[in-house]
Amino acid sequence: MLEQVYRDHYRYLMCLLLSRVDGDKHLAEDIVQETMVRAWRNAERLDTCPEATQAWLTTVAKNVLVDTHRRRQARPKEVPCDATLTWNMPHSHDGYAQVVAATTVQRTLPKLKSEQQEVLRLAYLMDLSMEEIANRLGIPVGTVKSRLFYALRSMRAILDRADARAERAG
């Protein structure tokens, strides 16, 4: 039955979603796939009438699209890397650059406030969403976003000061 649902509604869902994701075919396919997974999980809800099934799939696809958009908006923007940092990073295939970056972050984290350290670890090391962090810490989502913003800004300032000291010394 679900194979038939997929065959009957795939093109319709792709056309609908492509118009809503600015032609990003991969994102549209991901949303269709998630929609079909939800259809499989809720197979008992699917009506035998194709129009009713299409309406249900459309609603689910729109909800998945909204969830995807919200999830992307909930993550803070990465701090842009400036040109000098890019040029000074060693280019090797043995992971040396990642080790240097990880060591730098480990040395910088203790210089941040404890609540900033906590949200950075939860967001970037444990890859939790803003809502998950807020629930775990028992604080509002807005507070999580604020702490992440200021933590990244403070970390960047610490790294900039360290770079300035290194330039003066060397």
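Residues numbered from 1 in each chain as written. Predicted model: local features only at pLDDT ≥ 70, side-chain atom pairs only at ≥ 80, totals over all residues. Heavy atoms only, no water.

Draft legend 1. The pattern of salt bridges, seen in detail. If you walk through the whole model with that rule in mind, you get three salt bridges. Between Arg38 and Asp67 there is a salt bridge whose closest N-O contact spans 3.8 Å. Taken together, the positions of Arg38 in helix H2 (residues 25-41) and Asp67 in helix H3 (residues 50-74) put the pair 29 residues apart, joining distant regions of the chain. Across the pair Asp160 and Arg156 runs a salt bridge whose closest N-O atoms are separated by 3.7 Å. (Salt bridge = Lys/Arg side-chain N within 4 Å of Asp/Glu carboxyl O. Helix = DSSP H or I, 4+ residues; strand = E, 2+ residues; numbered from the N terminus.)

Draft legend 2. Representation of helix H6 (residues 114-125). Between its first and last C-alpha atoms H6 spans 15 Å; for twelve residues at 1.5 Å apiece the expected length is 16 Å, and the two agree. When we look at burial in H6, the residues that qualify are Gln116, Gln117, Val119, Leu120, Leu122 and Ala123. Its buried side turned inward, H6 meets helix H7 (130-137) and helix H8 (141-169). Just past H6, the residue Asp127 takes up positive phi, approximately 55°. (Expected span 1.5 Å × (residues − 1). Buried < 20%, exposed > 50% of the residue type's maximum accessible area, 1.4 Å probe, protein only. Contact = heavy atoms within 4.5 Å.)

Draft legend 3. How the structure looks around a positive patch on the surface. Together, Arg107, Lys111, Arg161, Arg165 and Arg168 give the surface a local cluster of positive charge. Per-element accounting of the positive patch gives the leading share, three residues, to H8. Tracing the sequence through the fold places Arg161 in helix H8. (Patch = residues over 30% accessible without salt bridge, like charges linked within 9 Å, V, L, I, M, F, W, Y side chains within 5 Å. Areas by Shrake-Rupley, 256 points an atom, 1.4 Å probe, with all protein chains shown as cover. Lys, Arg positive; Asp, Glu negative; His and termini not counted. Charge placed at Lys NZ, Arg CZ, Asp CG, Glu CD.)

Draft legend 4. Up close: H8. Across its 29 residues, H8 extends 42 Å between first and last C-alpha, which sits within 8% of the 42 Å expected from 1.5 Å per residue. Considered for burial, the residues of H8 that qualify are Val144, Leu148, Ala151, Leu152, Met155, Arg156 and Ile158.

Draft legend 5. Structural detail: a nonpolar patch on the surface. A cluster of nonpolar side chains, namely Tyr124, Leu125 and Met126, defines an oily patch on the protein surface of about 320 Å² accessible area. Relative to the assigned elements, Leu125 resides in helix H6.

Draft legend 6. Region of the structure containing the packing of aromatic side chains. By the definition in use, this model includes two aromatic pairs. Taking the centre distance of 5.2 Å and the plane angle of 35° together, the rings of Tyr6 and Tyr10 count as tilted. Pair noted here: Tyr6 and Tyr10 are both in helix H1 (residues 2-20), with a separation of four residues, about one helical turn. Classification of Tyr10 as partly exposed rests on a relative accessible area of 25%. Ring centres of Phe149 and Tyr150 lie 5.0 Å apart, and the angle between their planes is 80°; this geometry places the pair in the edge-to-face category. Classification of Phe149 as partly exposed rests on a relative accessible area of 46%. Judged by its relative accessible area of 38%, Tyr150 falls in the partly exposed class. (Phe/Tyr/Trp six-rings, centres within 6.5 Å; stacked < 30°, edge-to-face > 60°.)

Function cannot be inferred from these measures alone, as they are strictly geometric.
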